[in-house]
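# Structural description and commentary
One letter stands for each residue in the lines below.
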Amino acid sequence: MDTKAIPKASYVVATAPLEIKTETNKATEKSRIQLAVYARECFIQQPHRRFVNGLLLTEKTASLYHFDRAGVIHSPWIDIHKDAALFIRIILGLASTDADTLGINREIYWKGDRRMLEAPVGNEITTCDIPRIDPVFRRRAIIGRGTVCWEVQCPLDDGPGLLLVKYAWRAKERTPEWLFLERVREHQLKGVGQMVGHQEGVSITQIRCNFEPKNKDNISIDRIFCCIVLRRYGKSIEYFETKLQFLEAFRDAVAGHRNLFKIGILHRDISLHNILLGNPNDEGNRGILVDLDMAIFLDRTASNALADMRTGTRAFQAINILMQQGIHSHLEDLESFFYVYVWVCLT
């Protein structure tokens, strides 16, 4: 065999990770953690993956693992000699070329040497070019929203334009981000990212064949796969080129927060990467506030807006949020703006 013809192993093309141990140490927590490390790297290197399956294998037994944005589930140990047919079925599934079986997002694909993405623009699904191979943003943890953002070139009513396609796994009980963005679009708010399309897809319960994910308190932690298409803006505010540009962008982002508040929306996740540089010649849009994943409508009950340290980005959270005291109000968001300002000045 010509070993030069065998491609080098890479997470970029891996379908499923395997961790092989001897029978005597198969059940150690270390082995499971190692398999999770491999799965996490698959999610990072393959940002179009919705879930990753893996296998713990010994000379006698095997256990199948399934990793998704709600965590992990696994099978009992099976005897690969007594249940040889089942073992073969597992291997064939892990080595499948079917996108759905492997948890690959079919909306992202290659067409020759061009990477394409099918996105909801307006009321239609539009085929767009991905000008850069890697996403502009991706979360690296397995559990959570698993947000991945792609920059795409799409035909629009006013000509070709750059858009941002955001994929995320929304917690089932949370208000969809697109509902907030629809209200933003209706009021044509300045200083806030504008949506051009959205759609919702499969839930983790459906992926797990109607096995609902629950936490240790038996509470559902199901998530729904969502796609939101936004106008493309500049980089994070930390990439300003002049002090004046920074101050103007910062001012317009704060004004954008006020505009949201006026129409009954509280952002609740003010951070460095959620303030983008906008059009320096368009007052009110020189800084753009984005990411309404954690937002709430102000007309919901106060008990649902209690200070929660899990809401927001840790480095920029207000003191009351960290101490879980009172409710999360606009004052906590303004405190987070202050910490963004300090971060930029000091770093």
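Right above here is the structure, for reference.
These lines cover the structure that appears in this document, whether it is placed above or below. Bear in mind that the values here come from a model prediction, so they are computed numbers and not experimental data.

Cut-offs applied
Residues numbered from 1 in each chain as written. Predicted model: local features only at pLDDT ≥ 70, side-chain atom pairs only at ≥ 80, totals over all residues. Heavy atoms only, no water. Salt bridge = Lys/Arg side-chain N within 4 Å of Asp/Glu carboxyl O. Buried < 20%, exposed > 50% of the residue type's maximum accessible area, 1.4 Å probe, protein only. Helix = DSSP H or I, 4+ residues; strand = E, 2+ residues; numbered from the N terminus. Contact = heavy atoms within 4.5 Å. Phe/Tyr/Trp six-rings, centres within 6.5 Å; stacked < 30°, edge-to-face > 60°. Lys NZ or Arg CZ within 6 Å of the ring centre and 35° of its normal.

## Brief notes about the pattern of salt bridges
Opposite charge on two side chains permits pairing when their charged atoms draw close. Applying the stated criterion across every chain yields a total of 18 salt bridges. Between Lys 21 and Glu 19 there is a salt bridge, and its shortest N-O distance comes to 3.4 Å. With relative accessibility at 9%, the residue Glu 19 sits in the buried group. For Arg 232, the salt bridge identified is with Glu 151, shortest N-O distance 2.9 Å. Taken together, the positions of Arg 232 in the loop between strand E13 (223-231) and helix H6 (243-262) and Glu 151 in strand E10 (residues 148-156) put the pair 81 residues apart, joining distant regions of the chain.

## A look at the environment of Asp 100
Within the secondary structure, Asp 100 is located in helix H3 (residues 99-102). Note on Asp 100: relative accessible area 47%, which makes it partly exposed. Residues Asp 100 and Arg 49, 51 residues apart in the sequence, show an inter-C-alpha distance of 9.8 Å. For Asp 100, the contacting residues outside a window of four places in its chain are Phe 51 and Arg 106.

## Some points on the packing of aromatic side chains
Applying the stated criterion to the full structure yields 11 aromatic pairs. Here the aromatic rings of Phe 250 and Tyr 341 are separated by 5.4 Å at their centres, their planes lie at 65°, and the arrangement is edge-to-face. Of this pair, Phe 250 sits in helix H6 while Tyr 341 sits in helix H8 (residues 330-346), and the two are 91 residues apart along the sequence. On the basis of relative accessible area, Tyr 341 is assigned to the partly exposed category, the value being 32%. Arranged with centres 5.7 Å apart and planes meeting at 55°, the rings of Phe 338 and Tyr 339 form a pair that is tilted. With relative accessibility at 22%, the residue Tyr 339 sits in the partly exposed group. Three or more aromatic residues joined by ring pairs make a cluster, and in this case those are Phe 240, Phe 246, Phe 250, Phe 337 and Tyr 341. Lying over the aromatic face of Phe 43, Arg 69 brings its terminal NZ or CZ to 4.3 Å of the ring centre.

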